[in-house]
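Residue strings, one per chain:
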Amino acid sequence: MNVINPKKLIHSKWTKLNPLNSERHFIVTKVEFDENSTITCCLIEAVINKRVEEIEWSELKDNNNWKHGWK
């Protein structure tokens, strides 16, 4: 399991291990917190084509789908 500090999530780089449409490398471009410092929104951007999608930030903890950094 990837260990993630939510406050350092913004601008972090990720590699998707099972890429779709050649989208392998991603950057977290937006993270929003509520009044309890819980993440309410996490946007990632594909480096190859700049496509943005919202994901559940806890998905990045899954070692079977994501690696921290660009590999």
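Scroll up to find the structure.
Report follows, based on the coordinates. Quantities reported herein were computed from a predicted structural model and do not represent experimental measurements.

**Some details on unusual backbone geometry**
One non-glycine residue, N21, lies in positive phi territory at about 55°. Position of N21 among the secondary structure elements: in the loop between β1 (13–20) and β2 (23–33). Although it is not a glycine, K50 adopts a positive phi angle of roughly 65°. Secondary-structure assignment places K50 in the loop between β3 (39–46) and β4 (52–54).

**What to know about the nonpolar core**
As a rule of thumb, nonpolar side chains are buried together in soluble globular proteins. In this structure, L9, W14, V28, C42 and L60 are the most contacted members of the largest nonpolar core, which totals 14 residues. Elements with a minimum of two residues in this core: β2 and β3. When residues in this core are grouped by element, the largest group, four residues, is from β3. Once you skip the residues sitting within four places of it in the chain, V28 turns out to touch L9, I10, H11, S12, W14, C42, L43, I44 and L60.

**Focus: the sheet that holds β1**
One open sheet accounts for five strands, arranged β4-β3-β2-β1-β5; its pairing is antiparallel. Because the sheet does not close on itself, it has two edges, and the strands there are β4 and β5 (66–68). Within the sheet, the average angular offset between the axes of one strand and its neighbour, ignoring direction, is 35°. Pairing of β1 with β5 involves three bridges; the strand directions are antiparallel. Residue pairing across strands places W14 opposite H68, the latter belonging to β5.

What counts and what doesn't
Residues numbered from 1 in each chain as written. Predicted model: local features only at pLDDT ≥ 70, side-chain atom pairs only at ≥ 80, totals over all residues. Heavy atoms only, no water. Helix = DSSP H or I, 4+ residues; strand = E, 2+ residues; numbered from the N terminus. Core = buried A, V, L, I, M, F, W, Y, C linked by side-chain atoms within 4.5 Å. Buried < 20%, exposed > 50% of the residue type's maximum accessible area, 1.4 Å probe, protein only. Contact = heavy atoms within 4.5 Å. Pairing = 2+ DSSP bridges. Axes fitted to C-alpha atoms, helices over the stretch in contact; angles between N-to-C directions.

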